[in-house]
Each structure stands twice: as structure tokens, then as C-alpha cells.
Amino acid sequence: MICTLLSIFSFFSSAMAANRERTFIMIKPDGVQRGLVGKIIKKFEQKGFKLVALKFMWPSEELLQKHYADLSSKPFFPGLVKYMSSGPVVPMVWEGLNVVKTGRVLLGATNPADSAPGTIRGDLCIQVGRNICHGSDAVESAKKEIDLWFTEKEQISWTPANESWVYED
């Protein structure tokens, strides 16, 4: 019985470790201009995710064209790049168990009108063109976006003092 319980515990601990991942979250110019940076960071911290990289910067059109390359054929692409380069942004890397999926849930639907109350977009936005945040939609895209915006040295590996209160061993 004890061996079975230890095997089950070991399985869940291994599964938890395997699902620890990183995601890319960026506060867009409207979120910065509206003074919402702290509120957005607070949501991710309160959930228990770990911040491993953060910048405050004014992105170039070239960087944004690379970031949004998958949307380059869309009619709104030029306006998106122009808007995103209109002011400073706050790109971040967050780490945690299933952080990509859960981060998207915290943000809410891309269209704030479809976002649930309690989500970042549901509480703080009205229109899709001013939805204050970008969040990676998959582990693969998160890795690509993180590598585009941050060097390896800019991503800090560390263990928060409260980790044992957020995660089971």
C-alpha cells in the first residue's frame, strides 16, 4: 500500500515537474499608458507564477514584424505594428505549472467583450484593438517569442521562498 502511494505521489510530482513551462506575456502600449502594469503583474504573482524576465522598452517595427509574422497576411497587420510601436511595452517571461494555458485564462478572451469577469481583459478592457496584453497561445510559440525578446542571460533561474506553499513536492 505504501509503495503504491509513493508511486502515485512520484508520478504526480514528475507530471508536475514536466508541466512546468515558460510563457511570454507582453503588456501592450494601452496597458502601459493606462497604468495597469502593476495590476497585471499582481494577477500572475497572486496565482503563484514566477517572474523570470521583464523589460520596459519601446519596440521597433522590425521586432514587432517578426513577433507578429504569423499575422502578416492579415489586413490589420500594418495597423497592429503601427499601434504596437506607438509606445512602450512590458515584455515578460513567467514560469509555472501549465503557465501557458493558465496565463491565457488569466488574460481572458482576445476580444474583451467575450472575456469573463475576473479576467484581466474582462475587467480592464472594452475593445479587441485595446486588449492591453499579449499572451503566448502554445508552449512552442512561447519559446519562439521568449527567444525573440529575451536572451538566455536575461532569463533568471531562481527559487522563490514561497515555492513549497504553491507547489507540492
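Residues numbered from 1 in each chain as written. Predicted model: local features only at pLDDT ≥ 70, side-chain atom pairs only at ≥ 80, totals over all residues. Heavy atoms only, no water.

Topic: the confidence of the model for the protein
For step 1, the next point in the chain: Mean pLDDT over the protein stands at 91; residues scoring 70 or higher make up 89%.
For step 2, the next point in the chain: Ignoring residues within four places in sequence, the model shows residues 4-16, a span with pLDDT below 50, making five contacts including any to other chains. (pLDDT = per-residue confidence, 0-100. Contact = heavy atoms within 4.5 Å.)

Brief notes about helix 6 (residues 99-107)
For step 1, the next point in the chain: Within the sequence span of helix 6, burial applies to Val-99, Val-100, Gly-103, Leu-106 and Leu-107. All buried residues of helix 6 lie within an arc of 120° about the axis, which places them on one face of the element. Set apart from the buried face of helix 6 by more than 90 degrees, the exposed residues are Lys-101 and Val-105.
For step 2, the next point in the chain: Buried residues in helix 6 make contact with strand 1 (20-27), helix 3 (37-47), strand 3 (90-97), helix 7 (120-124), strand 4 (133-135) and helix 8 (139-149).
For step 3, the next point in the chain: Following helix 6 by one or two positions, Gly-108 has its phi on the positive side, about 95°. (Buried < 20%, exposed > 50% of the residue type's maximum accessible area, 1.4 Å probe, protein only. Helix = DSSP H or I, 4+ residues; strand = E, 2+ residues; numbered from the N terminus. Arc of directions from axis to C-beta.)

A short note on the packing of helix 3 against helix 6
For step 1, the next point in the chain: One way to put it is that helix 3 packs onto helix 6 with a least axis distance of 11 Å and a crossing angle of 135°. When the axis of helix 3 is compared with that of helix 6, the two are oblique. The element helix 3 and its partner helix 6 pack so that their crossing is right-handed. Seen from helix 3, the contacting residues are Lys-43, Phe-44 and Lys-47; seen from helix 6, they are Thr-102, Gly-103, Leu-106 and Leu-107.
For step 2, the next point in the chain: Class assignment for the residues of the contact of helix 3 with helix 6 results in three nonpolar, two polar and two charged. (Axes fitted to C-alpha atoms, helices over the stretch in contact; angles between N-to-C directions. Parallel < 35°, antiparallel > 145°, perpendicular 65-115°, else oblique. Left-handed = near helix turned anticlockwise from the far one by under 90°. Nonpolar A, V, L, I, M, F, W, Y, C, P; charged D, E, K, R; others polar.)

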